[in-house]
Amino acid sequence: MKSQNWEKENGNYGAGFKDKGNEMSVIYTSGGVSTEKEMEIKVAELPKSVRDYVALSYKGAKIKKAAKISKSPGEIQYEAEVNGKNLLFTKDGKPVVDKK
């Protein structure tokens, strides 16, 4: 593990680092409990439904980066960076709607 970068976000602490050549990040509560882990993956490793959604919704755009996010307790999400935006998807490849 190399290149650790720590930052505070929304009262929690995040660390970014590389492990075996993969970019990763982890978020901890102030009590030291891990709440989220994110690992960079190859675009081809995204569920087909995510790649299909991007192809239909963002015609001609390419997925620049992809990640698998493990949240507590056991929830999995995928992230695809398209046109400078990070799009979130459920483990089944359905878009996560931002409720902001």
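Refer to the structure printed above.
Keep in mind that what you see is a predicted model, and the values were worked out from it rather than measured. (Residues numbered from 1 in each chain as written. Predicted model: local features only at pLDDT ≥ 70, side-chain atom pairs only at ≥ 80, totals over all residues. Heavy atoms only, no water.)

J.: Would you mind going over the overall build of the chain with me for this structure?
T.: Looking only at helices and strands, one finds one helix and seven strands in the chain. The secondary structure elements of the chain, listed N-terminal to C-terminal, are β-β-β-β-α-β-β-β. Referenced to the eigenvectors of the C-alpha coordinate spread, the extents of the chain come out at roughly 40 × 30 × 25 Å. Here the chain holds 100 residues, and the buried ones make up 25% of them. Of all intrachain contacts in the chain linking residues separated by at least 6 positions in sequence, the fraction that spans at least 24 positions is 28%. Summing over all exposed atoms, the chain offers an accessible surface of approximately 7,200 Å²; the carbon and sulfur share of this is 49%. Taken together, the 19 basic and 14 acidic charged side chains of the chain have centroids lying 3 Å from each other. (Helix = DSSP H or I, 4+ residues; strand = E, 2+ residues; numbered from the N terminus. Buried < 20%, exposed > 50% of the residue type's maximum accessible area, 1.4 Å probe, protein only. Contact = heavy atoms within 4.5 Å. Areas by Shrake-Rupley, 256 points an atom, 1.4 Å probe, with all protein chains shown as cover. Lys, Arg positive; Asp, Glu negative; His and termini not counted. Charge placed at Lys NZ, Arg CZ, Asp CG, Glu CD.)

J.: Would you explain the pattern of salt bridges in this entry?
T.: Applying the stated criterion to the full structure yields three salt bridges. Between Glu 23 and Lys 65 there is a salt bridge, with its nearest N and O atoms 4.0 Å apart. Of this pair, Glu 23 sits in strand β3 (residues 22-28) while Lys 65 sits in strand β5 (residues 63-71), placing them 42 residues apart in sequence. The exposure class of Glu 23 is partly exposed, given its relative accessible area of 35%. Glu 36 serves as the salt-bridge partner of Lys 71, at 3.5 Å between the closest nitrogen and oxygen. Within this pair, whereas Lys 71 is found in strand β5, its partner Glu 36 is found in strand β4 (residues 34-41), the two being separated by 35 residues in sequence. We classify Lys 71 as partly exposed; its relative accessible area is 27%. (Salt bridge = Lys/Arg side-chain N within 4 Å of Asp/Glu carboxyl O.)

J.: Hey, could you run me through the nonpolar core in this one?
T.: As a rule of thumb, soluble globular proteins bury nonpolar side chains together. In terms of nonpolar packing, the biggest core is built from twelve residues, these being Ile 41, Leu 46, Val 50, Val 54, Tyr 58, Ile 63, Ala 66, Tyr 78, Ala 80, Val 82, Leu 87 and Phe 89. Contributions of two or more residues to this core are made by α1 (48-57), β5, β6 (75-82) and β7 (85-90). Take this core: its biggest share by element is three residues, from β6. Contacts of Tyr 78, omitting those with residues within four sequence positions, involve Ile 41, Leu 46, Pro 47, Ala 67, Lys 68, Leu 87, Leu 88, Phe 89, Thr 90 and Lys 91. (Core = buried A, V, L, I, M, F, W, Y, C linked by side-chain atoms within 4.5 Å.)

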